[in-house]
Amino acid sequence: MSGGFDVTPLPNSPFGGLLRLRAPAGPDYTRALIAAAEAEPHAIPAALAEYEGLLLVPGLHGMAQDPALLVRLSRLFGEEVENYHETLTEPTKVHETVPEILVVSNMPPASKPPPPLPNPPRTADGGLPMQYPHRRGWHTDQSYRRPPPDISLFFAAIAVPKGQGQTLFANCAGAYEALPAATKARIAHLDGLHVMPGSGRSPDAIRAGKTPKPLAPHEQPQRQPLVRIHPVTGKPSLYLCEEGQLDWINGPVVGMEPGPDGEGGGLIRELMSHLTQPQFTYAQDWDDGDMIIWDNRCLVHAATWFDADRHQRLMWRTTVRGNPGPEYAGERRSWIPQREAEPA
Ligand SMILES: [Fe+2]
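No experiment lies behind these values; they were computed from the predicted model shown. In this numbering scheme, every chain counts its residues from 1 along its sequence in written order. Local features in this predicted model are restricted to residues of pLDDT 70 or higher, and side-chain atom pairs are both shown and tallied only at a pLDDT of 80 or more, whereas totals for entire chains, interfaces and linings draw on every residue.

## Regarding the overall build of the chain
Thought 1: In terms of helices and strands, the chain carries 7 helices and 15 strands.
Thought 2: It is over C-alpha atoms that the radius of gyration is taken, and the globule rule equals 2.2 Å times the number of residues to the power 0.38. A compact globule built from 344 residues should have a C-alpha radius of gyration of about 20 Å, and the chain, at 20 Å, falls within 12% of that.
Thought 3: C-alpha extents for the chain along the principal axes are approximately 60 × 60 × 45 Å.
Thought 4: Considering the chain as a whole, with its 344 residues, one finds that 42% of them fall into the buried category.
Thought 5: Here, residue contact means that the backbone-derived C-beta atoms of the two residues sit within 7 Å. A separation of at least 24 residues holds for 76% of the contacts in the chain among residues at least 6 apart in sequence. Put simply, DSSP H or I for four residues or longer makes a helix, DSSP E for two residues or longer makes a strand, and each gets a number counted from the N terminus. Each residue is classed by its C-beta neighbour count within 10 Å, where at least 20 other C-beta atoms makes it buried, 12 or fewer makes it exposed, and intermediate counts make it partly exposed; the C-beta atoms are placed from backbone geometry.

What follows is the structure in structure tokens.
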């Protein structure tokens, strides 16, 4: 690519790119990379689109001392870096001085526990479980809001040892392209019904007979197309989550038989199993200073277990919004409560 960066295919992955500044790594590498990115503001976003929505940028150790650098870099990806004080986020999970940063950590005050180990913990050949339903938790960030965010940047300030605490990614555009024509026709005009995790609307919660959480008007489940056309690349892409981020009471697919055993649930399971096959997936084993940039419009991701009794993990995430595509044009933000005095 032009300018000051080298981008090469991401090793051990069927998609994605590895981006480095074309300069020797040194104590000022992080600042130099961000200065180069700002000097050529379309370069990294263009590389993200070219490499199918996934870029690994290693070696940004300087960001751990200066979290505002993550926000500066995020600004290149859209008109708004979200302020998590405005997005229904628990205050303990927001960075104390930089409100654009979501803190994903088992350390207080965020104190987020890792996801459980899959059952069984390894695949039959001893590998890391990746494919749904053996691997659970696949989602695209904040799809329970309309319009949903575009891009996430995720930075490892303190990573856990290799072999745990990975982030898994699946290529939804590649998986869509590989679907049989009959399936493409079947899903072309369907909507999924997305809801905030923990709302008591997952298959497990329904089967356990739990009472779903009452949802305020601004927390209501949101329809999202099962197939989105990417506004930058023009490519169609699957857009779905699995159990915890869909509403399995009234959905998960609008207009299809609802519930964990309904036709809509069967379709989601079929699509998610297809999407998370090895030819579409990548596992990121983190090093301190790694950053991954991903496009939520054409990727899903999932977190893996780590030993939280022995290790501390500190990750920072930003989300960037502003180009969800024409189907969201002019919409008001679903998650902002409307005041009664305000005209609808
Ligand atoms: Fe996520």
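Having seen the model, we can carry on.
## Quick word on the pairing of strand β13 (residues 291-295)
Thought 1: Burial analysis of β13 places 5 of its 5 residues in the buried class, the great majority of the element.
Thought 2: Going residue by residue along β13, you find Met-291, Ile-293 and Asp-295 tucked away on one face and Ile-292 and Trp-294 tucked away on the opposite face as well.
Thought 3: The pairing of strand β3 (residues 54-57) with β13 spans 4 bridges and is antiparallel. Looking across to β13, one finds that Leu-54 is bridged to Trp-294. Paired strands, as defined in this entry, are two strands with at least two bridges between them according to DSSP.

## Concerning the sheet that holds strand β14 (residues 299-303)
Thought 1: In spatial order, the strands read β12-β7-β14; together these 3 strands make up an open sheet with antiparallel pairing. Each having just a single partner strand, β12 (281-284) and β14 make up the two edges of the open sheet. In this sheet, neighbouring strand axes are inclined to one another by 20° on average, regardless of whether the strands run parallel or antiparallel.
Thought 2: Across 4 bridges, strand β7 (residues 167-171) lies against β12 in antiparallel orientation. Paired with Ala-170 across the bridge in β12 is Thr-281. Whenever a helix is involved, its axis is fitted only over the stretch in contact; in every case the axis is a line through C-alpha atoms, and angles between N-to-C directions fall within 0 to 180 degrees.

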